[in-house]
Every structure is written in C-alpha cells, then in structure tokens.
Amino acid sequence: GKLSLGVMLPSLAIMGVACALGALITFYLLPSLTPMFIHAQLFGHDLSKVQGRQIRTPESMGVITGCVFLVLTIVLIPVSFSDYFSLAHKAAFPHAELVKVLAALLSIACMLLLGFADDVLDLRWRHKLLLPSLASLPLLMVYYVLFDGTVIVVPVILRPLLGANIDLGLLYYLYMGLLAVFCTNAINILAGINGLEVGQSIVMAASILVFNVGEMDGSLGHYHRFSMYFLLPYLATSLPLLFYNWYPASMFVGDTFCYYSGMTLAVVAILGHFSKTLLLFFMPQIFNFLYSVPQLFHMVPCPRHRLPAFNAETDRVQMSLSVFKQQDLRFWGRWILYVFRMARVIHYREFVKEEEVWVECNNMTLINLVLRICGPMHEQTLTIVLLVFQVFCSVLAFFIRYPLAYLFYGE
Ligand code: UD1
Ligand code: MG
C-alpha cells in the first residue's frame, strides 16, 4: 500500500537534520580522538612525504565514521517505522522491510569489525575472503525469502540462441556472494595516496544516490528509497573524513573504512536489485583488480606495499617497482608479463647483477599505470586525476545504463 512505500525513508527533513548532525559530530570527533589512536599504537607513516617517517599519522580512523554511521542508521529505524506505532496500524507493520534493514546492518557491522581486526592484526588473505562471504549469508537469505529473483534478461542479439530470459538459480546467489567479497576488498587495493580511498567511495556512493533519486518515482521506487536510507548517512559521515584524509593527510582511513564502505555499497545494490548497475560504478576498481591478479595470486612477486614511490627531491610520486630474479618467475608469471608487455601496459626491464638475470616491473595497480602513462606527478594531482577518472566512469555508467541498455535489452 501507499504507507509501506514511504516507510524506508523518513521525511527528508528528519533525514537531513540527522545527517547534518552526524556530519558535525564526525567532524569534531575525528581530531579529538586521534590522541587515543596514537596511544593505542594505531598509527602509520605517510610514505609519500619528506617528514613522513618521523610523524605518526593515526590509522583506521574509519572506525569512528563507521560507528557514527551505524548509530545514525540505527537511530533512524524507529523514526522510519513510527507510522505503525499506533494501535490501528500495528497489524500492518512491514516486518519484511525491517528484516532487510537489520540484515543490511548486520553485514555492514561485521565488515566494520573485520576491517578493524585487519588494521590491528594484519589478517591473512583467506580471512579477507572468508569473512565477507559469511557476512553476506543473512543478506542472501533475506533476498531468497523476499524475492528470489534469479532470472536475468538476455541481450537482444543473444535472444535467438538463449531465449529472452535465463534463470541462473543458485549461480545467481554465488554471484551475489562474490560481489560482496569483491566490493569489500576492491577499494582497499586501490589505495595508498592521500584522499583516494574515501574519495573514490564518495564518488561511487554519490553516483548511486543520483541513480536512486532518478529511479525513486518508478515502480521499484521503494528499493531506491531503501538504498538512500543507507547512502545519505554514509555520505554524511564520510565527507568529514575526506577533509582530514585529503593531501596532506592528518589521518588515515584504514582497512576499516574500505571494508565497510564496500559492503555498504554491495548491500544496497543487492537488496535494491541493481547489482549490475553497481558494477558499472565499480569499473576502475574492477580494472584495478584484474590488473592486480598476477600479483595478488603471487604469479609475479608482490611487495607488502604497492603504493607509488616518493621522490623527495622533486616532491613527486612515480611508479613503484617490483624487482626479482628472473628464475623466480614460474610459467604463469612469465606468460602474463609477456602478454602485458605486448599490450604495453607495463614497465619491464631486465638487467644482470652478480651474474644473474634480474627483472623489474611496475607494481600492477591502476595508480602505477597512470604514473607510467602520465609520468611522475605531485601526490595531490594524482589523487585528483584518479578521482576525475572515477567520475568519468560514473558518467559512462549512466550512459551504458540508459541509452545503451535500450539498444541491448529493448524497450
Ligand atoms: C593495500 C595494498 C598495498 C598498499 C596499501 C596502501 C594491495 C594488495 N595492498 O594494503 O599495496 O600499499 O593498501 O594503503 O594492493 N599509506 C600512505 N599514504 C596514504 C595511505 C596509506 O603512506 O595515503 C601507507 C601508510 O604507511 C599506512 C599504510 O599505507 O600506514 C596503510 O596500509 P594498509 O591499509 O595497512 O595496507 P593494505 O590495505 O594491507
Ligand atoms: Mg588498506
């Protein structure tokens, strides 16, 4: 009914006041809590600054923005369901809507915990993959019980072969689980320069918000209102963090921020039924992940940090290198480096040292690739270049989502 459609987004005025308050609280809380983080040994050194190694920069400040974000969304629950508190309406209480919110909160809270654990303990890869898949289980269950939509529409050109629709069944759930794992990790591996982690997250969240606003009056409007219910508080708490993390950063966001941000975007897209659109907004992260695969799976040696190298004399950053003996490369490593060289997407050099052949290549991240193409630049310029690229991809995403979708899917 009409009532249940409005349920997921409290009136804009209440939402606005809550978010403004949340932003203000975050803005004051962040600097005032930094001594606590330093005291708890939660600090890092800004590797791309002249004085960076002497200064302690508080790490994992995302745990604060994450908590304020959770508090906001939790406090807004009773507000958004208050229409049903009167005796007359109690019977019509939309339990399903509440379950969606709770499952979403559970997944996001789990990732906040995982991220913080990673910041404090430096987890292994298997934890970073296993825990998000577990955290997405309640989400998938809610999806199953409430919609169980696993049918995808086939592009027009393939319809003579496959028919108009395919039911992916269990595979669709596998896809959504993997999506959650991908989103939690994707932001964290496109990182290492001031402002980039929060910057890209904000661009993606804002793009989804624009998409939600555009779709709000459609037949699926309630899904988009559900998404806005999380994205508005998310943006309100992330913007102050960007302020402090921007060049020259006075705090780092930590894996905490990267993980819960990715999960938040995955959650709203899965329960909002626009996961394919979400992937369009993640284009730079998808590219960065695919480009990183050889190093992530250790086919090519991967140093602990792949962030750009800092040149103190010019105050610029340049691509960072992985240097190793050629004989350390196995079959796949050689093969991939060959393909990357042919495609001209890698810096590669062989040299002889102490009668052995050594290889150097740039670390395989989008950041280093940009530096290879454009040459060394100032750290802040690099962040701006990458964020402009992220915005460009969002614009492209809207173009693919609307005009091109008509071409592929008709109507
Ligand atoms: C991920 C990347 C790693 C990259 C790191 C940078 C992969 C597989 N891992 O690791 O290559 O080097 O992020 O965040 O791709 N730092 C800065 N300036 C910044 C941000 C971070 O110098 O603007 C440094 C600081 O020393 C900070 C540290 O990076 O303490 C944080 O690294 P961390 O988030 O722990 O690295 P990972 O997420 O494990
Ligand atoms: Mg990190």
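Residues numbered from 1 in each chain as written. Chains lettered and ligands numbered in written order. Predicted model: local features only at pLDDT ≥ 70, side-chain atom pairs only at ≥ 80, totals over all residues.

**Quick look at the overall build of the protein**
To keep things clear, this is the line we draw: The helix and strand labels rest on DSSP assignments: H or I over at least four residues marks a helix, E over at least two residues marks a strand, and numbering proceeds from the N terminus. For this measure, only C-alpha atoms enter the radius of gyration; the expected value for a globule follows 2.2 Å times N^0.38, where N is the number of residues. Here the C-beta atoms are placed from the backbone, and a residue counts as buried if at least 20 other C-beta atoms lie within 10 Å of its own, exposed if 12 or fewer do, and partly exposed otherwise.
Of the regular secondary structure elements, the protein holds 17 helices and 9 strands. Taking 22 Å as the expected radius of gyration for a compact globule of 411 residues, we find that the protein reaches 23 Å, a close match to that expectation. With respect to the principal axes defined by its C-alpha atoms, the protein has extents near 85 × 60 × 35 Å. When burial is assessed residue by residue, the protein has 39% of its 411 residues classed as buried.

**Concerning the sheet that holds strand S8 (residues 348-353)**
Heads up, the rule is: Between any two strands, at least two bridges found by DSSP are needed for them to pair. As a rule, the C-alpha atoms of each element are fitted with a line to give its axis, helices using only the stretch in contact, and angles between N-to-C directions run from 0 to 180 degrees.
Across the sheet, which stays open at both edges, the 3 strands sit in the order S7-S9-S8 with antiparallel pairing between neighbours. Each having just a single partner strand, strand S7 (321-325) and S8 make up the two edges of the open sheet. Taking each pair of neighbouring strands and ignoring which way they run, the sheet shows an average axis angle of 25 degrees. One ladder, built from 6 bridges, connects S8 with strand S9 (residues 356-362); its direction is antiparallel. Each bridged residue has a counterpart across the sheet, and for Lys 353 the counterpart in S9 is Glu 356.

**Considerations on helix H2 (residues 12-39)**
Put simply, the rule reads: The length a helix should cover is 1.5 Å for every residue beyond the first. We define the bend at each residue as the angle formed by axes fitted to the 7 residues ending at it and the 7 residues starting at it.
Given a rise of 1.5 Å per residue, 28 residues ought to cover 40 Å, and the 40 Å separating the end C-alpha atoms of H2 matches this to within 8%. Most pronounced at Leu 33, the bend in H2 amounts to some 40 degrees, and the proline Pro 35 follows within four residues. Those residues of H2 lying buried are Met 15, Ala 18, Gly 22, Thr 26, Leu 30, Thr 34 and Phe 37.

**Examining unusual backbone geometry**
In this structure, the amide linkage connecting Tyr 247 to the following residue, Pro 248, adopts the cis form with an omega of -15 degrees. Tracing the backbone through its elements, the reader meets Pro 248 in the loop between helix H11 (221-245) and helix H12 (254-271). Look at Asp 148: it is not a glycine, yet its phi comes out positive at around 50 degrees. Positionally, Asp 148 belongs in the loop between helix H7 (137-146) and strand S3 (151-153). Located in the positive-phi region is Asp 315, a residue other than glycine, with phi close to 55 degrees.

**Describing the UniProt feature "domain: DPAGT1 insertion" (unreviewed entry) in the protein**
Definition in use: UniProt positions are given in the numbering used here, feature names are shortened, and annotations may be inferred rather than shown by experiment.
Those residues carrying the UniProt feature "domain: DPAGT1 insertion" (unreviewed entry) are residues 322-363 in this numbering. Within residues 322-363, the helical portion is 29% and the strand portion 40%, while the C-alpha atoms at the span's ends are 6 Å from each other.

**Quick look at the site of ligand 1**
Quick reminder of the rule: We count a residue as near a molecule or strand when its backbone-placed C-beta atom lies within 6 Å of that partner. For this classification, the nonpolar set comprises Ala, Val, Leu, Ile, Met, Phe, Trp, Tyr, Cys and Pro, the charged set comprises Asp, Glu, Lys and Arg, and every other residue, Gly included, is treated as polar.
Around ligand 1 there are 18 residues in total, and Gly 44, Leu 47, Gly 192, His 305 and Arg 306 lie nearest to it. For the shell around ligand 1, the residue count by class is 7 nonpolar, 7 polar and 4 charged.

**A word on the packing of helix H3 (residues 62-80) against H12**
How we decide: For this classification, under 35 degrees means roughly parallel, over 145 means roughly antiparallel, 65 to 115 means roughly perpendicular, and everything else is oblique. The contact criterion used here is simple: two residues whose C-beta atoms, placed from the backbone, lie within 7 Å are in contact.
Contact geometry for H3 and H12: axes closest at 7 Å, N-to-C directions at 40 degrees. Classed by the angle they form, the pair H3 and H12 counts as oblique. Across the interface between the two elements, Gly 62, Val 63, Thr 65 and Gly 66 from H3 touch Gly 254, Thr 256, Phe 257 and Tyr 260 from H12. Grouping the constituent residues of the contact of H3 with H12 by class yields 3 nonpolar, 5 polar and no charged.

**What about the environment of Gly 115?**
Tracing the backbone shows Gly 115 in helix H5 (residues 95-121). Here Gly 115 falls in the buried class, since 30 other C-beta atoms lie within 10 Å of it. C-alpha separation for the pair Gly 115 and Ile 25, spaced 90 residues apart in sequence, amounts to 22 Å. Beyond its immediate chain neighbours, meaning those up to four positions away, Gly 115 contacts Gly 62, Gly 254, Asp 255, Thr 256, Phe 257, Cys 258, Tyr 259 and Tyr 260.

**Points about the environment of Phe 399**
Turning to its location among the elements, Phe 399 is positioned in helix H17 (residues 379-409). Its 12 C-beta neighbours within 10 Å are what place Phe 399 among the exposed residues.

**A word on helix H9 (residues 170-186)**
Here H9 spans 24 Å end to end across 17 residues, near enough to the 24 Å set by a 1.5 Å rise per residue. Elements that come into contact with the buried residues of H9 comprise H5, helix H6 (125-135), H7, H12, helix H13 (275-281) and helix H14 (283-296).

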